[in-house]
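# Structure assessment
Residues per chain are reported as follows:
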Amino acid sequence: MEAGVERKIMTDLENSALQFATRAHGEQKRKYDGRPYIVHPIAVAEIVRSVPHTPEMIAAALLHDTVEDTDATLLEIKEAFGPKVATLVAWLTDISTPFHGNRQVRKELDRQHLASAPAAAKTVKLADLIDNAIAIKAGDPNFWKVFGAEMKRLLEVLGDGDETLLAKARALAPE
């Protein structure tokens with residue numbers, strides 16, 4: 001396949017994922033700055049784009065919160081974007097529910113889930129952590145204490161992700 005054709009496919013996949021995520025997140029706003037929620041998945045995708053990646057990783061970055069935060073399902077993602085993207089989104093979607101217990105218990109379940117994730121999913125999760133850390137640290141210093149501790153714990157299982165993003169995330173984490 002020619003490079004130009006490959007880029008066109010990647011662009012189509014990314015554009016479709018962006019349109020899907022934008023529709024799915026609708027009028028949701030970012031908690032820390034009130035901007036449209038879609039700015040977060042776009043930022044995560046751009047962070048992933050800064051390191052070696054695949055088109056599926058960019059699509060998953062754009063879609064990473066849709067199953068958790070909207071009415072979108074993994075089946076819809078699989079049908080629209082294929083099994084590779086759906087699998088990445090599944091790894092990036094929290095498996096815990098309020099039924100599992102308090103926040104600490106839920107975050108530990110989600111951490112264990114991510115520990116088994118493939119490197120591509122861990123790379124996207126690192127990008128997600130980086131963007132969230134920047135927003136939370138600036139927008140909610142009180143919650144930053146909680147999030148920062150959770151972030152440090154999560155970084156323990158993300159070592160298979162991209163090393164550049166791992167270093168950036170570690171630099172953002174509290175001492």
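Quick caveat: nothing in here was measured; it's all calculated off a predicted structure.

Packing of helix α3 (residues 55-63) against helix α6 (residues 83-92) leaves a shortest axis separation of 9 Å and a crossing angle of 45 degrees. When the axis of α3 is compared with that of α6, the two are oblique. Here α3 and α6 pass one another in a crossing that is right-handed. Here E56, M57, A59, A60 and L63 of α3 come into contact with α6, specifically with K84, V85, L88, V89 and L92.

A word on the packing of helix α5 (residues 74-81) against α6. Interaxial distance between α5 and α6 falls to 7 Å at its minimum, and their mutual angle equals 150 degrees. The orientation of α5 with respect to α6, classified from their angle, is roughly antiparallel. The chirality of how α5 crosses α6 is right-handed. Across the interface between the two elements, L74, I77, K78 and F81 of α5 pack against P83, V85, A86, V89 and A90 of α6. By residue class, the composition of the contact of α5 with α6 is 8 nonpolar, no polar and 1 charged.

Enumeration over the complete set of coordinates arrives at 3 aromatic pairs. Ring centres 5.5 Å apart and planes at 85 degrees place the aromatic pair F20 and F81 in the edge-to-face group. A residue pair is termed long-range when its members are at least 10 positions apart, and F20 in helix α1 (residues 3-25) and F81 in helix α5 qualify at 61 residues. The exposure class of F81 is buried, given its relative accessible area of 11%.

Here we take up the confidence of the model for the protein chain. Across the protein chain, the average pLDDT comes to 92, with 94% of residues at or above 70. Ranking the helices and strands of the protein chain by mean pLDDT puts helix α10 (residues 163-172) first, with 98, and α1 last, with 77. Note on residues 1-9: pLDDT under 50 across the span, and 4 contacts to partners over four residues away in sequence or across chains.

So, on to the side chain of D65. Mapped onto the secondary structure, D65 falls in the loop between α3 and α4 (66-69). It turns out D65 is buried and unbridged, and the closest side chain with the opposite charge, R30, is 6.0 Å from it. Setting aside anything within four residues of it in sequence, one finds D65 in contact with H25, Y37, H40 and T70.

Before going further, it helps to spend a moment on the nonpolar core. By size, the foremost hydrophobic cluster in this structure holds 46 residues, and its most contacted members are L63, I77, F81, V85, M151 and L155. At the level of secondary structure, the elements contributing two or more residues to this core comprise α1, α2 (39-49), α3, α5, α6, α8 (119-139), α9 (141-155) and α10. In terms of residue count, the dominant contributor to this core is α8 (8 residues). Contacts of V85, omitting those with residues within four sequence positions, involve L13, E56, A59, A60, L63 and I77.

On to the pattern of salt bridges, then. Enumeration over the complete set of coordinates arrives at 12 salt bridges. The salt bridge involving R111 is made with E108; its shortest N-O contact spans 3.1 Å. Of this pair, R111 and E108 both sit in helix α7 (residues 103-115), 3 residues apart, which is roughly one turn of that helix. Judged by its relative accessible area of 23%, E108 is partly exposed. For R153, the salt bridge identified is with E108, shortest N-O distance 3.1 Å. Of this pair, R153 sits in helix α9 while E108 sits in helix α7; the two residues are 45 residues apart in sequence, bridging distant segments of the chain. On the basis of relative accessible area, R153 is assigned to the partly exposed category, the value being 36%. What you see here is one network of salt bridges that share partners, running through E108, R111, R153 and E156.

Conventions adopted
- Residues numbered from 1 in each chain as written.
- Predicted model: local features only at pLDDT ≥ 70, side-chain atom pairs only at ≥ 80, totals over all residues.
- Heavy atoms only, no water.
- Axes fitted to C-alpha atoms, helices over the stretch in contact; angles between N-to-C directions.
- Helix = DSSP H or I, 4+ residues; strand = E, 2+ residues; numbered from the N terminus.
- Parallel < 35°, antiparallel > 145°, perpendicular 65-115°, else oblique.
- Left-handed = near helix turned anticlockwise from the far one by under 90°.
- Contact = heavy atoms within 4.5 Å.
- Nonpolar A, V, L, I, M, F, W, Y, C, P; charged D, E, K, R; others polar.
- Phe/Tyr/Trp six-rings, centres within 6.5 Å; stacked < 30°, edge-to-face > 60°.
- Buried < 20%, exposed > 50% of the residue type's maximum accessible area, 1.4 Å probe, protein only.
- pLDDT = per-residue confidence, 0-100.
- Lys, Arg positive; Asp, Glu negative; His and termini not counted.
- Salt bridge = Lys/Arg side-chain N within 4 Å of Asp/Glu carboxyl O.
- Core = buried A, V, L, I, M, F, W, Y, C linked by side-chain atoms within 4.5 Å.

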